[in-house]
Amino acid sequence: MQLDADIRACQACSLCEKRKQAVPGTGNRNARWMLVGEGPGAEEDRLGEPFVGQAGKLLDNMLAALGLTREADVFIANAVKCRPPHNRTPEADELAACRPYLLRQIELVEPDLLIALGRPAALALLEREINIGAARGKPHSYRDIPVVVTYHPAYLLRNPQDKGKAWEDLCFARRLVPLK
Ligand code: SF4
């Protein structure tokens, strides 16, 4: 599709310099839930697919626990489409440069619910800095679409004690917008 081609050709910020390829998104483009992560890691950069490493496996397992698959039930994109060097957190100017692509994806998918996985995703969607611990468990909004904020799966791999909270957040999302 044209948007994906535009993303792959984009040079709007310096993240284009070190990428192997841009990673537009994956999943069902008519999904009711859209998940937004941070940015591609090494595996994602190599394969052109978001959430394919260990964090992706954890995300798939959490979706499976809700009876969902990434192919059928959700659309997944990242706040920045190109890999930040050494997996550093994207800078505010990089998030801003890439934001029009994220907003265009939201326009095309027209989800009923957005889930921000981690602080950079929340910043890209809500345009303000938030603390995940304080912001989770209540609905935020992007335009008229509810936004649920939760931890990034890569954070959960480093902090497994917070997996229960992320599960609570997904159950909260399911109460807001049931899928099945
Ligand atoms: S991160 Fe986004 S804005 Fe920056 S070069 Fe990649 S696609 Fe373009």
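Right above here is the structure, for reference.
What you see is a predicted model; the values in this text were computed from it and never measured.

A. Spotlight on the overall build of the protein. Helix and strand counts for the protein stand at nine helices and six strands. Relative to the compact-globule value of 16 Å for 180 residues, the protein shows a C-alpha radius of gyration of 15 Å, a close match. Expressed as lengths along the three principal axes of its C-alpha atoms, the size of the protein is roughly 40 × 35 × 30 Å. The burial tally for the protein puts 53% of its 180 residues in the buried class. The contacts in the protein between residues at least 6 apart in sequence include a share of 74% that link residues at least 24 apart. Taken as a whole, the protein presents about 8,600 Å² of accessible surface, with 48% of it coming from carbon and sulfur.

B. Representation of unusual backbone geometry within the structure. A positive phi angle is found at Asn87, which is not glycine, with a value near 60°. Exposure remark for Asn87: the relative accessible area of 47% places this residue in the partly exposed category. In this structure, Glu127 is a non-glycine residue whose phi angle is positive, near 55°. Examined against the element boundaries, Glu127 turns out to sit in the loop between helix 6 (119-126) and helix 7 (132-135).

C. Broad picture of helix 5 (residues 92-109). Taking 1.5 Å of rise per residue, 18 residues should cover 26 Å, and helix 5 covers 25 Å from first to last C-alpha, within 8% of that figure. At Cys98, helix 5 shows its maximal bend, which comes to roughly 40°, and the proline Pro100 appears one to four places after that position. Along helix 5, the positions that sit buried rather than exposed are Glu94, Leu95, Cys98, Arg99, Tyr101, Leu102, Leu103, Gln105, Ile106 and Val109. Looking at the residues trailing helix 5, positive phi occurs at Glu110, about 50°.

D. Focus on the site of the ligand. Neighbouring the ligand are Ile7, Cys10, Ala12, Cys13, Leu15, Cys16, Arg19, Lys81, Cys82, Ala97, Cys98 and Tyr101. By residue number, the principal contributor to the shell around the ligand is helix 5, which donates three residues.

E. The packing of aromatic side chains, seen in detail. Under the defined criterion, the tally for this structure stands at one aromatic pair. Centroid distance Tyr151 to Tyr155: 4.9 Å. Interplanar angle 15°. Geometry classified as stacked.

F. Seen up close, the sheet that holds strand 6 (residues 145-150). Spatial strand order, 1-3-2-4-6-5: six strands in an open sheet with mixed pairing. Both edges of this open sheet fall to strand 1 (26-27) and strand 5 (140-142), since each of them pairs with a single strand only. In this structure, strand 2 (residues 33-37) lies alongside strand 4 (residues 113-117), joined through four bridges in parallel fashion. Counterpart to Val36 in the pairing with strand 4 is Ala116.

G. Spatial organisation of helix 9 (residues 163-176). Taking 1.5 Å per residue, 14 residues should reach 20 Å; helix 9 reaches 20 Å between its end C-alpha atoms and fits that length. Of all the residues in helix 9, the buried ones are Ala166, Asp169, Leu170, Cys171, Phe172 and Ala173. The elements touched by buried residues of helix 9 are strand 2, helix 3 (54-65), strand 4, strand 6 and helix 8 (153-158).

H. Broad picture of the pattern of salt bridges. Within the structure shown, the criterion is met by twelve salt bridges. A salt bridge links Glu49 to Arg70, with the nearest nitrogen and oxygen atoms 3.9 Å apart. Pair noted here: Glu49 is in the loop between helix 2 (42-47) and helix 3 and Arg70 is in helix 4 (residues 70-73), with a separation of 21 residues, a long-range link. When its relative accessible area of 29% is taken as the criterion, Glu49 is described as partly exposed. On the basis of relative accessible area, Arg70 is assigned to the buried category, the value being 7%. A salt bridge links Asp60 to Arg70, with the shortest nitrogen-to-oxygen separation between them at 3.0 Å.

Scoring rules and cut-offs
- Residues numbered from 1 in each chain as written.
- Predicted model: local features only at pLDDT ≥ 70, side-chain atom pairs only at ≥ 80, totals over all residues.
- Heavy atoms only, no water.
- Helix = DSSP H or I, 4+ residues; strand = E, 2+ residues; numbered from the N terminus.
- Rg over C-alpha atoms; globule rule 2.2 N^0.38 Å.
- Buried < 20%, exposed > 50% of the residue type's maximum accessible area, 1.4 Å probe, protein only.
- Contact = heavy atoms within 4.5 Å.
- Areas by Shrake-Rupley, 256 points an atom, 1.4 Å probe, with all protein chains shown as cover.
- Expected span 1.5 Å × (residues − 1).
- Bend = angle between axes of the 7 residues up to and from the residue.
- Near = heavy atom within 4 Å.
- Phe/Tyr/Trp six-rings, centres within 6.5 Å; stacked < 30°, edge-to-face > 60°.
- Pairing = 2+ DSSP bridges.
- Salt bridge = Lys/Arg side-chain N within 4 Å of Asp/Glu carboxyl O.

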